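As a plain string of letters, each chain reads:
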Amino acid sequence: MARRLTSRREEWRRRLDIVAWLQRHPRPDVYLRQVDIAGVHSKFIEAQRGVLGELLELALPPAAIDSAAAGVSQFARRYGFRDKPQRNRFRILDRRHALLAGYPEQDLTLDARSFARIDPQVERVFITENEINFLAFPAVPHSLILFGAGYGFEMLREAAWLSRCRIHYWGDIDTHGFAILDQLRAHIADVESFLMDRATLLAFATHWGEEDRQTLRDLPRLNAEEGALYDDLRDNRLRRNLRLEQERIGFGWIEAALAALA
């Protein structure tokens, strides 16, 4: 019992040392790994983010807190630490727009700021959530493809050159796929869905699967056709928890859809 109490006192001492350090160094603009406090390491800070957040809200002035960041996952941003840079992985689908001469694959990963500055002079951008589809996506003139990040599209905000491109999102045909499309349109309003239609769903009925847990909320950014299909999926009108994963769509169907776009 005495050992447990001693351990708890030591834990609280470390917490208060961290709070005191941030009072002396508000919004320090360093990584947690760079915080140099005797007896405190970055893994301790990461493990204590919930409790530390409650203490820091009381101890720090409003100017030292980013009110736009909330929750444990945004601890670093909220209190002015550096966070891991967001990264974009993409493939150039037209060798005429290659960023690296003599490198045929053009499978690249850049931090969000560098991605915003490359300006590859393409006209179309495809976004897919499946890595194999990303790697196998056919060559398309004046285009590139991005490997998606689920609901996280903040890393695209700084890329002003995207505003002149037609952007196509390809997700699973299930409630979460449409929810991600709806979320993406909060950042890029005119993004078009790709192979997320009723004809594609019915063409591959033999490959239907089941979604573990459905999204049930309304998705106001879907168009009429997408919204009707989403309602059918959400309300289980075709089959319970129906989903068609994008990697189950035949490759010939994909090539035909791309030819129709061209």
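Residues numbered from 1 in each chain as written. Predicted model: local features only at pLDDT ≥ 70, side-chain atom pairs only at ≥ 80, totals over all residues. Heavy atoms only, no water.

Visitor: Please clarify how the side chain of Asn 133 should be interpreted in this entry.
Guide: Relative to the helices and strands, Asn 133 resides in helix H6 (residues 131-136). In this structure Asn 133 comes out as buried when scored by relative accessible area, which is 10%. In this structure, Asn 133 is in contact with Thr 128, Ile 145, Trp 170, Gln 246 and Glu 247, ignoring residues within four places of it in sequence. (Helix = DSSP H or I, 4+ residues; strand = E, 2+ residues; numbered from the N terminus. Buried < 20%, exposed > 50% of the residue type's maximum accessible area, 1.4 Å probe, protein only. Contact = heavy atoms within 4.5 Å.)

Visitor: Please clarify how helix H9 (residues 224-234) should be interpreted in this entry.
Guide: One full turn of an α-helix is made of 3.6 residues, so residues set three or four places apart face in the same direction. For H9, the set of buried residues is Glu 226, Gly 227, Leu 229, Tyr 230, Asp 232, Leu 233 and Arg 234. Here the buried face of H9 lies against helix H7 (175-185), strand E6 (192-193), helix H8 (198-203) and strand E8 (242-243). Taking the backbone nitrogen of Glu 225 as reference, a side-chain oxygen 3.2 Å away marks Asn 223 as the first, capping residue of H9. (Polar contact = N/O pair within 3.5 Å; in protein donor to acceptor, adjacent residues only side chain to side chain.)

Visitor: I keep staring at the sheet that holds E6 and nothing clicks. Help me out?
Guide: Note on sheets: strands pair through backbone hydrogen bonds, and any given pair is parallel or antiparallel. The strand order across the open sheet formed by six strands is E2-E1-E4-E3-E5-E6, and the pairing between neighbours is mixed. The sheet is open, and its two edges are formed by strand E2 (107-111) and E6, each paired on a single side. Pairing analysis gives five bridges linking strand E3 (residues 124-128) to strand E5 (residues 166-170), with the strands arranged parallel. Along E5, the bridge assignment pairs Phe 126 with His 168. (Pairing = 2+ DSSP bridges.)

Visitor: How do you make sense of the pairing of E5 when you look at a structure like this?
Guide: For a regular strand, side-chain orientation follows a simple rule: the groups alternate between the two sheet faces. In terms of burial, E5 is largely enclosed, as four of its five residues are buried. Both E5 and E6 contribute to a ladder of two bridges, which runs parallel. Within the sheet, the bridge partner assigned to His 168 lies in E6 and is Glu 192.

Visitor: What should I look at first to understand the environment of Ile 37 in this one?
Guide: Relative to the helices and strands, Ile 37 resides in the loop between helix H1 (2-24) and helix H2 (42-47). With 23 residues separating them in the primary sequence, Ile 37 and Arg 14 have C-alpha atoms 8.7 Å apart.

Visitor: For this particular structure, what's the right way to read the layout of surface pockets?
Guide: Summary: where empty space remains is shown by rolling a probe the size of a single water molecule over the atoms. One number sums up the size of the largest pocket: a volume of about 810 Å³. Forming the boundary of the largest pocket are 19 residues, of which Arg 77, Asp 83, Lys 84, Pro 85 and Gln 86 lie nearest the centre. Among the residues forming the lining of the largest pocket, the class breakdown is five nonpolar, four polar and 10 charged. Estimates place the volume of the second largest pocket at around 310 Å³. (1 Å grid on protein atoms, 1.4 Å probe; cavity = no way out; pocket = protein on both sides within 12 Å on 5 of 7 lines; lining within 4 Å. Points joined across faces, edges and corners; volume = space filled by probe spheres on them. Nonpolar A, V, L, I, M, F, W, Y, C, P; charged D, E, K, R; others polar.)

Visitor: Where do I start with helix H10 (residues 251-261) in this structure?
Guide: Buried residues of H10: Ile 254, Ala 257 and Leu 258, and no others. Viewed end-on, H10 has its buried residues packed into an arc of 100°, placing them on one side of the element. Across from the buried face of H10, at angles greater than 90 degrees, the exposed residues are Ala 259 and Ala 260. Buried residues belonging to H10 abut E3 and E5. (Arc of directions from axis to C-beta.)

Visitor: It is not clear to me how the pairing of E3 should be interpreted in this structure. Could you clarify?
Guide: Of all five residues in E3, five are buried, a share of seventy percent or more. Judged by which residues are buried, E3 turns out to be covered on both faces: Arg 124, Phe 126 and Thr 128 on one side and Val 125 and Ile 127 on the other are all buried. Strand direction decides the pairing type here: E3 and strand E4 (residues 143-147), joined by five bridges, are parallel. Bridge pairing in E4 places Ile 127 opposite Leu 146. You can see the chain leave E3, run along H6 and come back into E4, and the turn it takes is right-handed. (Right-handed = clockwise from strand over helix to strand, strands pointing away.)

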